[in-house]
Amino acid sequence: MTTYKDYIKQIEERKDLGLHPQPIDGAELLSEIIGQIKDLDNEYREDSLNFFIYNVLPGTTSAAGVKAKFLKEIILGESVVKEITPAFALEQLSHMKGGPSVEVLLDLALGTDAAKAQEAAKVLKTQVFLYEADMERLEKAYQNGSAIATELLESYAKAEFFTKLPEIDEKIDVITFIAGVGDISTDLLSPGGDAHSRSDRELHGQCLFEHNIEQQNELKAVQAQHPDKRVMLIAEKGTMGVGSSRMSGVNNVALWTGVKASPYVPFINIAPVIAGTNGISPIFLTTVGVTGGIGLDLKNWVQQKDAEGNTIRDEDGEPVLKEEYSVETGTVLTINTKEKKLYNGDKELKDISAAFTPQKMEFMKAGGSYAVVFGKKLQTFASKVLGVDVVPVYAPSKEISIEGQGLTAVEKIFNKNAVGTTPGKVLHAGSDVRVEVNIVGSQDTTGLMTSQELEMMAATVISPIVDGAYQSGCHTASVWDDKSKANIPRLMSFMNDFGLITGRDPKGKYFPMTDVIHKVLNDLTVGDWDIIIGGDSHTRMSKGVAFGADSGTVALALATGEASMPIPQSVKVTFKGQMKSYMDFRDVVHATQSQMLKQFGGENVFQGRIIEVHIGTLTSDEAFTFTDWTAEMKAKASICISEDDTLIESLEIAKGRIQIMIDKGMDNAKQVLKGLVDKANTRITELKTGIKPSLRPDANAKYHAEVVIDLDEIAEPMIADPDVNNDDVSKRYTHDNIRPLSYYGGTKKVDLGFVGSCMVHKGDMKILAQMLKNVEAQYGKVEFKAPLVVAPPTYNIVDELKAEGDWDVLVKYSGFEFDDSAPKGLARTKYENMLYLERPGCNLCMGNQEKAEPGDTVMATSTRLFQGRVVKDTGEKKGESLLSSTPVVVLSTILGRTPTMAEYEAAVDGIVLTKFKPSTKQLVR
C-alpha cells in the first residue's frame, strides 16, 4: 500500500468482505496520513487521525518508525495536534513495543528537558523490549553520571516492569463451547488452505472452524448470552490442537474469544482459554503460553477399570469411558487461579494445577511469554551494570535433581545447553529451564507471522548464539500463484536481511529451492547434542533434539538464541527380532505406534514425552522417517541414539549437502553454512578419535516407560487409517488406528496416490523406479488406474536420481514433469490416471495449494489424515487419507485398489526396501 487513495480503495473492497481497514505497516502511507493530520482543512483529517492512533502496527515496521518520530515531534512541541497531547503521545509510545519507540523514549529521557525526561522515564520503566543498542546507550549514560539512567537501571534491576503489573484474576468465569468431538486438528482453527492470509489477522479470522459460518454464529450467540464471561473452546473426547503448533490457530481463537492486547493495535488479542478432554497437544500448548493463554486438561471422560485395575472394554475392544462431569456447550464454569481448581458453582470438578505453574502464571500476568523472556534479560543486564545481585522476582527455574539417577539423552542435552541454572547441579525431567538453541527453522506459511513477530518485538538481527537458521519455501512450492508471488519474495527478503539462509535469494543470484524445511534442518543439524526449534510440528531431527514450535517461539529463538521449557520425561524404544525382506521401514514406524498402544492397554505413553529411539544403525535420512512420525504419535520430540560409525556416516551426508548449498551461493556474509561444515568436521574427529563418543543415555537413567518393538510380528504392510465412518466420532481422524494390509482384502478402491512430503527420502524414489520396472516386466506395461502424485522432498534428491539414472525411469512412466522455468500458476482440481512428477516441496501434505478431488480415497506416504487436509468431503462421500509405505501407495495406484499380500510381494520382489537391523550394541553409557 503506497498512497492514501489506494488505501481508501482497499478499505472499500474489504467492506464487501465484512472487514475493517487493514493495519498499516508501511512508512509511505503513514507519512501521507501524517501530512493530512497536519493539514487542518484536509477532508480526510479525521479518518487520518483514527488511522494514525488506532491502526498502525508496532515494533520495527517502517510505519512504526514514522509514527514514533511524529509522536516525538508532538512531545517536544515541534508539531501541535490538538487531539494528541504530549501525554497521549507518550501513552501511544508505551504500546509500540520497542524499536523506534524505545529509541524516541531514550532520546527524551536522556535529553536536556528535565520534565520531559521524567515523563519519558515513567514510560520506559514499563518497557521490556530493549535490545543491545538500547542497553549500551543506557549503560553509557549511567557511566557518564546520568541520574535518569541510574533511575531506569534501578527500576529494571527490581523488574518493576513486571512486579507493578496487576495480578491475574483469582476467579475467571468461563462459558464452554465444544468446537468438536475427538481430536481437533489445528486445521479446524486455521485451515492450511488459508495460509496466505495468516498475517492479515482479521481476514484470517474468518476461517475459524474451516469457514463454518453456522458454528461461528453459535459461538457469537453463546458470547452474547454471557458477555461477562470468557469462552473456553473445547475438544470433547479428544486432544485439542493436534497436527501443528499453528500460531494462527491460537490467534484465531484469541481473536474470537480472547482479550485485546492494546487499544491502539487492532486485531491482536491474547489470553484465550482452550481445553480438551485429553488435554492439549504439547506443541500447541506451547503456543497458547506465548499469548498468556490458559490450556486445560479436563479429563472429563475417564476409562473405566475393573476390580483388578484393568481397563474395561466394549465388544469392539475399545475402552469404556464414563463422563465424570459435563462440559456441554453453554455450561458455566469457574477457574480458580489461586486454588488452581475448576468449579461448577460450588462443586469442585478438577485439579488444574498443571495449567497454573509459577512459570505459566507469569506468562498470564505479563501478557505472554515474550515479555517474561525479555524481562529476565533486561533485569539481568541492569543488575550487572549496577553491580548488584539479581533480585528473585520471577519464579525460580524449577530444578529437579535426583541423586544416584542417571540421565536420559534429552536430560543430557538440556544439561549441556541450560542457561541460568545452579552451577554444577544435574537436572532431571520436570526441571523448567532456559536453553540455548543451535538451529532454527522457519517455513513459508508461518514465516510471514514470524517476521511480524520479530517486527513487533523490535528485533532486527539474528542472535549470535544461533549456529544457523533457514527460511524455506516448501509449503508454497506446488503453485507459484499470485498469493505466493505477493508474499514469499517479501518474506525471503526480510529473513535474508535478518540473517537467515533463505530458500530464495532476494537478489536472484541462486535458483529458488523449495526443499522441505525438515529435510534441510536435518542436514543443517550437525551436532547430536544440539537443540533445534522449527516453525512446524514435524521439526524432528535424526540428530540432536528438535521441537516444533509456533511462529512466535521461532521468532524468540531467532532474536534471543534461547527457548524456555520443562525437560520432558522420556520413553525408551528398543527393537528385537528381524524384519522380513518384503517389509518397508515405514511399517516399522507404524508398528511401533500399534505395538505401544497394545502393550499399554490403549494408553498413549508417548504423548507429551520424548521418544528416545535406540535405532542405532540407520543413517540420518532413514532415521528421520521414524522421528518425523513421532509428531503423529503426539510426542513432544524424539531422539535417535546412533552407533558412532552411523553418526559419522550421517554427518558426512550432511556435510555434502551443506556444501551443495554453499556451491549454489546460498551462504551469507557471516559464512554460516561454512561454519556448520567446520562444526561437522570437528564432531567427526571427536567420534573417530574417541574424544567424545555419540550421545548415549546413562545405563541407570529413569524412563516413564520402556517399549520393545518385535520386528518378527510385522508380517505385512501397516496402514494408518482415519476410519472416517466410525460410529464414535471421537475415534475418527486419529493416527492410532493402524491396520494391516489384509484388513482391506484387496478390494478397497483407491482414487489417488501420493508419494512425497517429509516422510520419504531418496530410497523411496529409487523404490518407486524399481517397482515401475517390476510391474512392466510382470504385465508388459505400466498402466495407472488411479493418479500417482510424486513430490520429492529436495532438489538434492532429484539431482542424485538424475545422476544415477532413476529420474529417467520416472520420467519414462510419467505424464507430467515439473518445470522450474514455468512453475504452475494454478492448483490442480482434476487428476488423470498417470504419474505426476511434481516440484520438490510439501504438495498434497500441506493442503494449502494442491488437494485431491473431494470425496477421494487417497493412499499417501505423508503424515496428514485429518479431515479436509489432503482431501475434502462431498455430500455423498467422506474424503479419506490413508497413510502407508511407498510400495503400497505405488501399487494401489497401479491397481486402483489396495493390493493383496500376494500382489504386494510380487511387486517388491528383488527390491531391497530397507537394510534396518537393530543395533547389537548397548547404546548406553
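Residues numbered from 1 in each chain as written. Predicted model: local features only at pLDDT ≥ 70, side-chain atom pairs only at ≥ 80, totals over all residues. Heavy atoms only, no water.

Peer 1: Could you give an account of unusual backbone geometry, with specific residues and numbers?
Peer 2: Here F209, not a glycine, exhibits a phi torsion of approximately 60 degrees, which is positive. Among the secondary structure elements, F209 is positioned in helix α13 (residues 208–211). Its identity is not glycine, yet K340 carries a phi of approximately 60 degrees, on the positive side. (Helix = DSSP H or I, 4+ residues; strand = E, 2+ residues; numbered from the N terminus.)

Peer 1: So, the sheet that holds strand β7 (residues 273–276): which residues are in play, and what are the values?
Peer 2: The seven strands lie next to each other as β8-β7-β3-β1-β11-β12-β13, forming an open sheet whose pairing is mixed. Strands with a single pairing partner mark the edges of an open sheet, and in this sheet they are β8 (294–297) and β13 (347–351). Across the sheet, the axes of successive neighbouring strands diverge by a mean angle of 30 degrees, strand direction being ignored. Two elements, strand β1 (residues 171–181) and strand β11 (residues 332–336), share five bridges in a ladder whose sense is antiparallel. Bridge pairing in β11 links D173 to T334. The sheet strands contacting helix α14 (residues 213–225) are β1 and β3 (230–236), and the helix crosses β1 at an angle near 160 degrees. (Pairing = 2+ DSSP bridges. Axes fitted to C-alpha atoms, helices over the stretch in contact; angles between N-to-C directions. Contact = heavy atoms within 4.5 Å.)

Peer 1: So what about the sheet that holds strand β24 (residues 637–642)? Which residues, and what values?
Peer 2: The four strands lie next to each other as β24-β23-β22-β25, forming an open sheet whose pairing is parallel. A strand with exactly one partner marks an edge of an open sheet, and here the two such strands are β24 and β25 (705–710). Strand after strand, the sheet turns through a mean of 25 degrees between neighbouring axes, direction not considered. In terms of strand pairing, strand β23 (residues 610–616) meets β24 through five bridges, oriented parallel. Each bridged residue has a counterpart across the sheet, and for G616 the counterpart in β24 is S642. Contacting β22 (570–576), β23 and β24, helix α19 (residues 409–417) runs over the sheet at an angle of about 100 degrees to β24. Contacts from helix α25 (residues 620–629) reach β22, β23 and β24 within the one sheet, and its direction differs from that of β23 by about 155 degrees.

Peer 1: Explain the packing of aromatic side chains to me, and be specific about the residues and the numbers.
Peer 2: Within this structure, the stated rule accounts for 21 aromatic pairs. Taking the centre distance of 5.0 Å and the plane angle of 50 degrees together, the rings of Y4 and Y44 count as tilted. Here Y44 lies in the loop between α2 (27–38) and α3 (45–54) and Y4 lies in helix α1 (residues 4–16), a separation of 40 residues in the sequence. Among the residues examined, Y4 registers a relative accessible area of 1% and is labelled buried. Judged by relative accessible area, Y44 falls into the partly exposed class, the value being 27%. Centroid distance F816 to Y836: 6.3 Å. Interplanar angle 45 degrees. Geometry classified as tilted. Within this pair, whereas F816 is found in strand β30 (residues 814–817), its partner Y836 is found in strand β31 (residues 835–837), the two being separated by 20 residues in sequence. Overall, F816 belongs to the partly exposed group, its relative accessible area being 23%. Of the aromatic side chains, those joined through ring pairs into one cluster are Y4, Y7, Y44 and F51. (Phe/Tyr/Trp six-rings, centres within 6.5 Å; stacked < 30°, edge-to-face > 60°. Buried < 20%, exposed > 50% of the residue type's maximum accessible area, 1.4 Å probe, protein only.)

Peer 1: For the side chain of T553, give the residues involved together with the corresponding values.
Peer 2: Within the element layout of this structure, T553 appears in helix α23 (residues 551–560). In this structure T553 comes out as buried when scored by relative accessible area, which is 14%. In contact with T553, other than residues within four places in its own chain, are T286, V290, Y370 and I533.

Peer 1: Break down a negative patch on the surface for me, with residues and values.
Peer 2: A surface patch of negative charge is lined by D314, E315, D316, E318 and D727. Residue D314 is classed as partly exposed on the basis of its relative accessible area of 35%. (Patch = residues over 30% accessible without salt bridge, like charges linked within 9 Å, V, L, I, M, F, W, Y side chains within 5 Å. Areas by Shrake-Rupley, 256 points an atom, 1.4 Å probe, with all protein chains shown as cover. Salt bridge = Lys/Arg side-chain N within 4 Å of Asp/Glu carboxyl O. Lys, Arg positive; Asp, Glu negative; His and termini not counted. Charge placed at Lys NZ, Arg CZ, Asp CG, Glu CD.)

Peer 1: Mind laying out the environment of K72, listing which residues take part and the relevant values?
Peer 2: With respect to the helices and strands, the residue K72 is situated in helix α4 (residues 62–76). What K72 contacts, discounting residues up to four positions off in sequence, is V104 and D107.

Peer 1: Before we move on, can you summarise the nonpolar core with the specific residues and values?
Peer 2: Ranked by internal contacts, the top residues of the largest apolar core, which has 130 residues, are F575 and I615. In this structure, A68, A117, A458 and M565 belong to the second largest nonpolar core, which totals 114 residues. (Core = buried A, V, L, I, M, F, W, Y, C linked by side-chain atoms within 4.5 Å.)

Peer 1: Any chance you could break down the pattern of salt bridges for me, citing the residues and the numbers?
Peer 2: Applying the stated criterion to the full structure yields 52 salt bridges. The shortest N-O distance in the salt bridge between D107 and R137 comes to 2.4 Å. Taken together, the residues span a long stretch of sequence, with D107 in helix α6 (residues 100–109) and R137 in helix α8 (residues 132–143) at a distance of 30 residues. For R137, a relative accessible area of 31% gives the class partly exposed. Measuring nitrogen to oxygen at the nearest pair gives 2.3 Å for the salt bridge that ties E838 to R828.

Peer 1: Kindly report on the environment of K340, identifying the contributing residues and their values.
Peer 2: Among the secondary structure elements, K340 is positioned in the loop between β11 and β12 (341–344). Sequence separation between K340 and F70 is 270 residues; the distance between their C-alpha atoms is 46 Å. When neighbours within four sequence positions are excluded, K340 is seen to be in contact with K350, D351, I352, S353, F356 and M361. A polar contact of 2.9 Å, which involves the side chain of K340, links it to the backbone oxygen of F356. (Polar contact = N/O pair within 3.5 Å; in protein donor to acceptor, adjacent residues only side chain to side chain.)

Peer 1: Can you break down the pairing of strand β16 (residues 439–442) residue by residue, with the values?
Peer 2: Judged by which residues are buried, β16 turns out to be covered on both faces: I439 and G441 on one side and V440 and S442 on the other are all buried. Examined bridge by bridge, β16 and strand β17 (residues 468–471) share four bridges and lie parallel to one another. Counterpart to G441 in the pairing with β17 is Y470. The parallel pair β16 and β17, bridged by helix α20 (residues 444–456), forms a crossover whose chirality is right-handed. Judged from the three bridges that link them, β16 and strand β19 (residues 531–534) form a sheet pairing that is parallel. What sits directly across from V440, in β19, is I533. (Right-handed = clockwise from strand over helix to strand, strands pointing away.)

Peer 1: Tell me what's going on with the environment of K766, and back it up with residues and numbers.
Peer 2: Tracing the backbone shows K766 in helix α28 (residues 762–779). Given a relative accessible area of 23%, K766 falls into the partly exposed group. Sequence-wise, K766 and V809 are 43 residues apart; in three dimensions their C-alpha atoms are separated by 9.5 Å. Discounting residues that sit within four places of it in the chain, K766 has contacts with L801, E804 and D806. A distance of 2.5 Å separates polar atoms of two side chains, one belonging to K766 and the other to D806.

Peer 1: So what's going on with the packing of α2 against α4? Residues and values would help.
Peer 2: Running from N to C, α2 and α4 cross one another at 30 degrees; their axes reach a closest spacing of 7 Å. As judged from the angle between their axes, α2 and α4 are roughly parallel. Along the contact surface, α2 presents A27, L30, S31, I34 and K38, while α4 presents S62, A63, V66, K67, F70 and E73. Tallied by class, the residues present in the contact of α2 with α4 amount to six nonpolar, two polar and three charged. (Parallel < 35°, antiparallel > 145°, perpendicular 65-115°, else oblique. Nonpolar A, V, L, I, M, F, W, Y, C, P; charged D, E, K, R; others polar.)

Peer 1: Lay out the side chain of N737 with the relevant residues and their values.
Peer 2: With respect to the secondary-structure elements, N737 resides in the loop between β26 (718–720) and β27 (738–740). Judged by relative accessible area, N737 falls into the buried class, the value being 18%. Residues contacting N737, with those up to four places away along its chain left out, are I719, A720, D721 and D723.

Peer 1: Summarise helix α22 (residues 517–524); cite the residues concerned and give the values.
Peer 2: Judged by how many residues are buried, α22 sits mostly within the fold: eight of eight residues are covered. When α22 is considered as a whole, its buried residues turn out to be I517, H518, K519, V520, L521, N522, D523 and L524. In this fold, the buried residues of α22 make contact with β16, β17, β19, α25, α26 (644–663) and α27 (672–689).

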